[in-house]
Amino acid sequence: MAHVATATALRRALLAAVAASSALGCLLVFPDVDVSTTVMAGAQVVLLGAFGVYALKAVKGADRARAEAQNEAAASDNQLQKLIDNTESNIYMKRVDNGQYLLVNKEWERLFGVTRDRVVNLTDHDVFPAELADQLRANDLRVAAAGRSVQYEETADGIDGERTYISVKFPVLDGTGKPYAVCGISTDISERKRAEDEVRRLNASLETRVLQRTAELEASNKELDAFAYSVSHDLRAPLRSLHGFSDALLEDYGDVLDDVGQDYLRRLQRNVGRMGRMIDDLLNLSRATRADLERSTVDLTGMTQEIFTDLRAANPGRVATLTVPDGLAVEADPQLLRLALQNLLSNAWKFTGKRSDAIIEVGQVVRSGETFFFVRDNGVGFDMAYAGKLFDAFQRLHTTSDFEGTGIGLAIVARVVRRHGGRIFAEAEVDRGATFYFSLAGTGEDKP
């Protein structure tokens, strides 16, 4: 505070000295002038001088402020221009009253081949064809009238050819709140439009192909129906004749034929029986493919026990153990599921035929979050190197002399499983049995 007081006193002394000097100067120059008048004049001179210094400083300060404001405005404009120049969208601003361009960014310049120094003060009619220019102008005026952002889909020809844009336009207001310009940000969606057109074209083509394929499938189904009818009627008749005449020969002329002749007839009968079974399997395969799927709750435990009872009745000399838990159930077509389970259990029964301790197990298990049913046996198994052939028709991993069969049973099983939207696979080792796993759509909620 002492320093402040000293400085104030010093300033007052200086001012008094300046005033006195001014007065003294006046007296020296004008000795006849009244001293009081001279002093007043000196004071006025001092005040005017001080005001002039202050005014000069104020002017210089205003100039500096104006220069700083201009620099800041220029920097702001530069930043804004860099911002809009480094975007992939094309950005532009146009006057409302006459449609003249106020600014554009580099992407706009690139697309339409007009530099910003040339486009300023031009209108859309100076840049684009008349029809397009009319449309763009009408859109701008609607935005100004609406007083809010509006989105349009617009098409324009540029150096890259015709392009389609999604344009978001909004009004720019003056100090009175009236729109004096319209700013637009247009994003190129040409590639997306082409992709959408391609998708529509592919969908139309797909619909045509689906109709064609449906017609082909209907024709194939008719052919399959005709084939099934032919197999079940036309082929069975000659087989019955072969079997009947071979029986008659054995009964009526058995004493005439030697052992070799009788063996030939028995071989003929065996092959007739094998051909009959193959016809049955082919019909079942056709049925598994074409039959309508009608789901219901199936008691898998009871179905397994029924099929196993039939297998035992057909082979009373066989000893085999069945293991199946109570309460196994699934949502599936009962007839098709029985067809599949019949083939799986028959295979297990057949390939455990040489085991004195044959065990067949049916159950349910969850693997990697997916529920599977399985049929497991401790029979002869097979080499997993050939597992890829298992579910193809007429593919066999064992000779007919070792194990009878047509090679169609597992193809039927796979067809039934796939009709239900499931999948099937097998795991096995030679002489250590095999396990067939299959899933059915809708079994994911079941627990083992």
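Residues numbered from 1 in each chain as written. Predicted model: local features only at pLDDT ≥ 70, side-chain atom pairs only at ≥ 80, totals over all residues. Heavy atoms only, no water.

## Describing the pairing of strand β12 (residues 434-438)
Here comes step 1: The buried count for β12 comes to five of five residues, which makes it a mostly enclosed element.
Here comes step 2: Going residue by residue along β12, you find Ala 434, Phe 436 and Phe 438 tucked away on one face and Thr 435 and Tyr 437 tucked away on the opposite face as well.
Here comes step 3: Two elements, strand β10 (residues 370-377) and β12, share five bridges in a ladder whose sense is antiparallel. Within β12, the residue paired with Asp 377 across the bridge is Ala 434.
Here comes step 4: Remark: five residues form the turn of the hairpin made by strand β11 (residues 424-428) and β12, two consecutive strands paired antiparallel; Asp 431 in that turn has positive phi of roughly 65°. (Buried < 20%, exposed > 50% of the residue type's maximum accessible area, 1.4 Å probe, protein only. Helix = DSSP H or I, 4+ residues; strand = E, 2+ residues; numbered from the N terminus. Pairing = 2+ DSSP bridges.)

## A short note on the environment of Gly 433
Here comes step 1: For Gly 433, the position within the fold is in the loop between β11 and β12.
Here comes step 2: Sequence-wise, Gly 433 and Gly 381 are 52 residues apart; in three dimensions their C-alpha atoms are separated by 4.1 Å.
Here comes step 3: With sequence-adjacent residues up to four places away left out, Gly 433 is seen in contact with Asp 377, Asn 378, Gly 379, Val 380, Gly 381 and Ala 428. (Contact = heavy atoms within 4.5 Å.)

## What to know about the sheet that holds β10
Here comes step 1: The sheet built from five strands is open, its strands ordered β7-β9-β10-β12-β11 with mixed pairing. What marks the edges here is a single partner per strand, and that holds for β7 (320-323) and β11. The mean inter-strand angle of the sheet, taken between neighbouring strand axes irrespective of direction, is 20°.
Here comes step 2: Along the sheet face, helix α9 (residues 300-314) touches β7, β9 (358-367) and β10 and points at about 170° away from the line of β7.
Here comes step 3: The strands that helix α10 (residues 334-351) touches are β7, β9, β10 and β12; relative to β10, the one it contacts most, it runs at about 40°. (Axes fitted to C-alpha atoms, helices over the stretch in contact; angles between N-to-C directions.)

## Quick word on helix α6 (residues 130-146)
Here comes step 1: The terminal C-alpha atoms of α6 lie 24 Å apart, and with 17 residues this matches the ideal 24 Å at 1.5 Å per residue to within 8%.
Here comes step 2: Every buried residue of α6 is accounted for by Leu 132, Ala 133, Leu 136, Asn 139, Asp 140, Val 143 and Ala 144. Within α6, the buried residues cover an arc of 135° as seen down the axis, which keeps them to one side. Opposite the packed face of α6, turned more than 90 degrees from it, sit the exposed residues Ala 130, Glu 131 and Ala 145.
Here comes step 3: Backbone geometry just after α6 places Gly 147 at a positive phi near 70°. (Expected span 1.5 Å × (residues − 1). Arc of directions from axis to C-beta.)

## Structural notes on the packing of α9 against α10
Here comes step 1: Where α9 contacts α10, the two axes come as close as 10 Å, and the packing angle between them is 50°. One way to sum up the angle between α9 and α10 is to call them oblique. In terms of crossing hand, the pair formed by α9 and α10 is right-handed. Each of Leu 300, Met 303, Thr 304, Glu 306, Ile 307, Phe 308, Leu 311 and Arg 312 in α9 lies in contact with α10, whose residues at this interface are Pro 334, Leu 337, Arg 338, Leu 341, Gln 342, Leu 345, Ser 346 and Trp 349.
Here comes step 2: Of the residues that constitute the contact of α9 with α10, the class distribution is 10 nonpolar, three polar and three charged. (Parallel < 35°, antiparallel > 145°, perpendicular 65-115°, else oblique. Left-handed = near helix turned anticlockwise from the far one by under 90°. Nonpolar A, V, L, I, M, F, W, Y, C, P; charged D, E, K, R; others polar.)

## Quick look at the packing of aromatic side chains
Here comes step 1: According to the stated counting rule, one finds 11 aromatic pairs in the structure shown.
Here comes step 2: An aromatic cluster is defined as three or more aromatic residues linked by ring pairs; in this entry it consists of Tyr 101, Trp 108, Phe 112 and Phe 128.
Here comes step 3: Between the NZ or CZ atom of Arg 367 and the centre of the ring of Tyr 437, over which it lies, the distance is 4.8 Å.
Here comes step 4: The ring centre of Phe 374 lies 4.4 Å from the NZ or CZ of Arg 376, which sits over that ring. (Phe/Tyr/Trp six-rings, centres within 6.5 Å; stacked < 30°, edge-to-face > 60°. Lys NZ or Arg CZ within 6 Å of the ring centre and 35° of its normal.)

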